[in-house]
Amino acid sequence: MKQVLQVIAALVCVTMSIAPTHGQSYPDRPVKIVLGVPPGGGLDVLVRGVAQELSARWGKSVVVENRPGASGLIAAEGVANATPDGYTLLATTDQIYMGNRYAFKNLPYNPDTSFANIVIMARAEQFLLANPEVPAKTLPELIALEKQKPGSLAYGTWGDGSPPHLVYETLNKTAGTKFLHVPYKGVAPVLNAITANEVQLSVGSSGVAGQLLKAGKVKALAFAAKERSPLFPDVPTTAELGFPDIQAFIWFGLAAPAGTSQAIIDKISADVRDVIRQPAFAERFINALGWKVIASTPAETDQIIKDELPIIRDMSAAAGVKPQ
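Rules and cut-offs
Residues numbered from 1 in each chain as written. Predicted model: local features only at pLDDT ≥ 70, side-chain atom pairs only at ≥ 80, totals over all residues. Heavy atoms only, no water. Helix = DSSP H or I, 4+ residues; strand = E, 2+ residues; numbered from the N terminus. Buried < 20%, exposed > 50% of the residue type's maximum accessible area, 1.4 Å probe, protein only. Contact = heavy atoms within 4.5 Å. Areas by Shrake-Rupley, 256 points an atom, 1.4 Å probe, with all protein chains shown as cover. Core = buried A, V, L, I, M, F, W, Y, C linked by side-chain atoms within 4.5 Å. Pairing = 2+ DSSP bridges. Axes fitted to C-alpha atoms, helices over the stretch in contact; angles between N-to-C directions. Polar contact = N/O pair within 3.5 Å; in protein donor to acceptor, adjacent residues only side chain to side chain. pLDDT = per-residue confidence, 0-100. Left-handed = near helix turned anticlockwise from the far one by under 90°. Nonpolar A, V, L, I, M, F, W, Y, C, P; charged D, E, K, R; others polar.

### Focus: the overall build of the protein
Link 1 in the chain: Of regular secondary structure, the protein possesses 13 helices and 11 strands.
Link 2 in the chain: In terms of principal-axis extent, the alpha carbons of the protein reach across some 90 × 40 × 30 Å.
Link 3 in the chain: Each of the 324 residues in the protein was classed as buried or not, and the buried ones make up 52%.
Link 4 in the chain: For the protein, long-range pairs separated by at least 24 residues make up 77% of all intrachain contacts whose partners lie at least 6 apart in sequence.
Link 5 in the chain: Accessible area for the protein stands at about 14,500 Å²; split by element, carbon and sulfur atoms hold 54% of it.

### Considering the nonpolar core
Link 1 in the chain: Ranked by internal contacts, the top residues of the largest apolar core, which has 41 residues, are Leu142, Tyr168 and Leu171.
Link 2 in the chain: Listing elements by their share of this core, those giving two or more residues are strand E5 (127-130), helix H7 (139-148), strand E6 (154-157), helix H8 (163-174), helix H9 (187-195), strand E8 (201-204), helix H10 (206-215) and strand E9 (219-223).
Link 3 in the chain: The dominant element in this core, judged by the number of residues it contributes, is H9, at 5 residues.
Link 4 in the chain: Residues within four places of Leu142 in sequence aside, it is in contact with Val134, Ala136, Leu153, Tyr168, Phe179, Leu201 and Leu221.
Link 5 in the chain: Counting 38 residues, the second largest nonpolar core, distinct from the first, contains Tyr26, Trp58, Val275 and Phe285.

### Focus: the sheet that holds strand E4 (residues 115-125)
Link 1 in the chain: Ordered in space as E2-E1-E3-E10-E4-E11, the 6 strands form an open sheet in which the pairing is mixed. What marks the edges here is a single partner per strand, and that holds for strand E2 (62-66) and strand E11 (292-293).
Link 2 in the chain: Along the sheet, helix H13 (residues 298-318) contacts E4 and strand E10 (249-257); its crossing angle with E4, the most-contacted strand, is approximately 60°.

### Topic: unusual backbone geometry
Link 1 in the chain: Cis geometry marks the peptide bond from Tyr26 to Pro27; its omega dihedral reads -10°.
Link 2 in the chain: Secondary-structure assignment places Pro27 in the loop between helix H2 (22-25) and strand E1 (31-35).
Link 3 in the chain: The backbone phi angle of Ser71 is positive, close to 55°, even though this residue is not glycine.
Link 4 in the chain: With respect to the helices and strands, Ser71 occurs in the loop between E2 and helix H4 (73-80).
Link 5 in the chain: A positive phi is found at Ala295, a non-glycine position, where the angle reads about 55°.
Link 6 in the chain: Structurally, Ala295 can be placed in the loop between E11 and H13.

### So, the side chain of Thr260
Link 1 in the chain: Position of Thr260 relative to the elements: it lies in the loop between E10 and helix H11 (262-277).
Link 2 in the chain: Reaching out from Thr260, the side chain makes a polar contact with the backbone oxygen of Pro257 at a distance of 2.6 Å.
Link 3 in the chain: Discounting residues that sit within four places of it in the chain, Thr260 has contacts with Pro84, Asp85, Gly86 and Ile265.

### Considering the pairing of E5
Link 1 in the chain: Burial along E5 is two-sided: the face carrying Phe127 and Leu129 and the face carrying Leu128 and Ala130 are both buried.
Link 2 in the chain: In this sheet, E8 lies alongside E5 in antiparallel orientation, the contact comprising 4 bridges. Across the sheet, residue Ala130 finds its bridge partner in E8, namely Leu201.
Link 3 in the chain: By the bridge criterion, 4 bridges tie E5 to E9 in an arrangement that is antiparallel. Each bridged residue has a counterpart across the sheet, and for Ala130 the counterpart in E9 is Lys219.

### Some points on the confidence of the model for the protein
Link 1 in the chain: Summarising the model, the protein shows a mean pLDDT of 90, and 93% of its residues fall at 70 or more.
Link 2 in the chain: Predicted confidence for residues 7-21 stays below pLDDT 50, and this span has 1 contact to residues more than four positions away or in other chains.

### Re the packing of helix H3 (residues 42-58) against H11
When two helices pack together, their arrangement is captured by the angle between the axes and the distance separating the axes.
Link 1 in the chain: Orientation of H3 relative to H11, taken along the N-to-C sense of each, is 115°, at an axis distance of 10 Å. For the pair H3 and H11, the sense of crossing is right-handed. Contacts from Val50, Glu53, Leu54, Arg57 and Trp58 of H3 reach H11 at Lys267, Ile268, Asp271, Val272, Asp274, Val275 and Ile276.
Link 2 in the chain: Taken together, the residues of the contact of H3 with H11 break down into 7 nonpolar, no polar and 5 charged.

Have a look at this one:
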């Protein structure tokens, strides 16, 4: 019996030594990345660029599937319930982890336990945007204008808990304004609405609103960050204008269903980080848009979420956001 056990043990060792790990054999079939936004927005463009590069590297198709609506809940729920084998990934934003937990009573996923974080690719601070027909030129002027005709100005969002929702509801509570909330299914529809004057206000990064700003189809009242935008340095920050607590940012990342092999998570993360750090790719898809390359490891991604959660929590509280 002892000899039999020794033989079995030896065979197991040999098998383990020659068998590839999950990370080494991955991927051996097409990979799908699910987005909770419509085509055409900043996240969509960035993810499609990454998918194309990964397809070339891996020799397997990396397809992108848009499942917009419900502040990303549809896409997030689908990936959270997917088989944790690395073949269904979620293109994430900070809202999936932070804003949604304060905006919804019953999330169809757990923002703390449903996902294995892979990488944060890029970060984009936001401008407070207005239709050109709005007379105000700065944020203080906008507040004064709204108070003259309360409820006459509407702002577009891509859902409860999204950056424009937090910004304008914070203003409603702290400045005594009554901006009206109009939700849409994504960033691109919001920008279409503001240029058509269906709504007068929103927020947007230089990546998605830059061409509209340059063309005069929208105007920037403030940059909701601590430092001015390198692409639009003439626009004052919210801090300069006396609103240091008004911050609006969004970051773009990737995650897999919880339980996915750590070897697969590490491989995807390393490959994506290598892609977005390539100078030509970074310039085209990130730097040229006024965004910042982050390229975080899985552990760094976890820490960023932990550090930023209090910011969104406090803005949600200041805005009087109640879970619906």
